[in-house]
Amino acid sequence: LYRFGYGKLARLYPDPKMKMMATEPHITKDDLARIAAPALITAGGKDMVKEEDTKLIASSIPGAQLMILPEEDHSSYIVDSDRIAHILIGFFGSL
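What you are looking at is a predicted structure, and each value in this text was computed from that prediction instead of being measured.

Considerations on the pattern of salt bridges
So, step 1. Inspection of the entire model under this criterion finds 4 salt bridges.
So, step 2. A salt bridge links glutamate 71 to lysine 46; its shortest N-O distance comes to 3.1 Å. Placement of the pair is glutamate 71 in the loop between β2 (65–69) and α5 (83–93) and lysine 46 in the loop between β1 (40–44) and α4 (51–60), with a sequence separation of 25 residues. Each member of the pair, glutamate 71 as well as lysine 46, carries the same accessibility label: exposed.

Structural notes on unusual backbone geometry
So, step 1. The phi dihedral of glutamate 71 falls on the positive side, at around 70°, and the residue is not glycine.
So, step 2. On the accessibility criterion, glutamate 71 (60% relative accessible area) is exposed.

Thoughts on α5
Each α-helix turn comprises 3.6 residues. Residues three or four places apart therefore point the same way.
So, step 1. For α5, the set of buried residues is Ile84, Ile87 and Phe91. One side of α5 holds all its buried residues, which, seen down the axis, span an arc of 65°. Away from its buried face by more than 90 degrees, α5 exposes His86, Ile89 and Gly93.
So, step 2. Elements in contact with the buried residues of α5: β1 and β2.

A word on the packing of aromatic side chains
So, step 1. Counted according to the given criterion, the structure contains 1 aromatic pair.
So, step 2. Judged by centre distance (5.2 Å) and plane angle (65°), the rings of phenylalanine 91 and phenylalanine 92 are edge-to-face.
So, step 3. In this structure phenylalanine 91 comes out as buried when scored by relative accessible area, which is 6%.

Criteria and cut-off values
- Residues numbered from 1 in each chain as written.
- Predicted model: local features only at pLDDT ≥ 70, side-chain atom pairs only at ≥ 80, totals over all residues.
- Heavy atoms only, no water.
- Salt bridge = Lys/Arg side-chain N within 4 Å of Asp/Glu carboxyl O.
- Helix = DSSP H or I, 4+ residues; strand = E, 2+ residues; numbered from the N terminus.
- Buried < 20%, exposed > 50% of the residue type's maximum accessible area, 1.4 Å probe, protein only.
- Arc of directions from axis to C-beta.
- Contact = heavy atoms within 4.5 Å.
- Phe/Tyr/Trp six-rings, centres within 6.5 Å; stacked < 30°, edge-to-face > 60°.

Rendered as structure tokens:
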């Protein structure tokens with residue numbers, strides 16, 4: 001997914017973790033298609049990852065569920081929040 005332009009973004013961040021998040025891993029649609037486990041793909045509506053890319057990831061994994069959380073950024077619904085716990089409990093409870 002590196003081809004979607006995140007390499008340019010990575011050069012803007014001197015923090016190695018931000019650079020890694022923007023450039024790694026190099027996963028292809030074929031790689032995603034081989035995932036056999038139940039998958040819930042989450043992203044924020046204000047995420048640094050483009051919504052179209054998140055949708056591509058979800059649509060490439062057989063049976064994956066997609067949840068875009070409006071008004072959230074890349075980590076706001078995870079860091080210091082119970083929101084992700086409720087989302088995961090619902091997802092795993094549905095399996």
